[in-house]
Amino acid sequence: RWDAPARDIVNLVRGVVEWPGAVTTYRPDGGEPKKLKILRAFPAPGGRQPAGQILSADAKGLVIQAGDAAVRLEDVQPEGKKSMNAWSFWQGARLRLGDHLGS
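Residues numbered from 1 in each chain as written. Predicted model: local features only at pLDDT ≥ 70, side-chain atom pairs only at ≥ 80, totals over all residues. Heavy atoms only, no water.

Student: So what exactly am I meant to see when it comes to the side chain of Gln65 here?
Tutor: Looking at the element boundaries, Gln65 is found in strand β4 (residues 61-65). A polar atom in the side chain of Gln65 sits 2.9 Å from the backbone nitrogen of Gly47. Those residues in contact with Gln65 that lie beyond four places of it in its chain are Trp2, Gly46, Gly47, Arg48, Gln49, Pro50, Ala51, Gly52, Gln53, Leu55 and Ala70. (Helix = DSSP H or I, 4+ residues; strand = E, 2+ residues; numbered from the N terminus. Polar contact = N/O pair within 3.5 Å; in protein donor to acceptor, adjacent residues only side chain to side chain. Contact = heavy atoms within 4.5 Å.)

Given below as structure tokens:
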């Protein structure tokens, strides 16, 4: 739930990283949803965008709007692939700034 406070999301990711894992979804090119396991995340400054919106992407990771601030994803694992840093995921995921994670 991206509408939860950023600190709660980060703590959830840290608490369930081994099992069962924190999972969200994304839609490459607006197509069918795919799962994305979040392996490492940190709080980040956010704006007043809708929860789950991708705010920025750079070598430090992806910044996603949460309920009260934002969350920076550093390491992720796309469905059916090995874990990778979020920047590598971004480069191949066919997503754009303003797209949303989650349902």
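Structure shown, so let's carry the discussion forward.
Student: Would you mind showing me how to read the environment of Arg40 here?
Tutor: Note that Arg40 resides in strand β2 (residues 34-44). Residues Arg40 and Asn11, spaced 29 residues apart in sequence, show a C-alpha to C-alpha distance of 10 Å. Non-local contacts of Arg40, meaning those with residues more than four positions away in its chain, are made with Val13, Arg72, Leu73, Glu74 and Asp75. A distance of 2.8 Å separates a polar atom in the side chain of Arg40 from a polar atom in the side chain of Glu74.

Student: Help me out: how do you make sense of unusual backbone geometry in this one?
Tutor: The phi angle of most residues is negative, glycine excepted, and most peptide bonds adopt the trans form. Here the bond from Trp19 into Pro20 is cis, since omega is 0°, no more than 30 degrees from zero. Its location among the elements puts Pro20 in the loop between α1 (6-16) and β1 (22-26). Backbone geometry places Asp29, a non-glycine residue, at a positive phi of 55°. Within the secondary structure, Asp29 is located in the loop between β1 and β2. Positive phi, close to 60°, is recorded for Arg94, a residue that is not glycine. Within the element layout of this structure, Arg94 appears in the segment after α2 (86-92).

Student: Mind showing me how you'd approach the pairing of β2 here?
Tutor: In summary, the side chains of a regular strand alternate between the two faces of the sheet. By the bridge criterion, 5 bridges tie β1 to β2 in an arrangement that is antiparallel. In the sheet register, Thr24 faces β2, and the bridge partner there is Leu36. As defined by bridge partners, β2 adjoins strand β5 (residues 70-78) across 8 bridges and the pair is classed as antiparallel. If you follow Arg40 over to β5, its bridge partner there is Asp75. (Pairing = 2+ DSSP bridges.)

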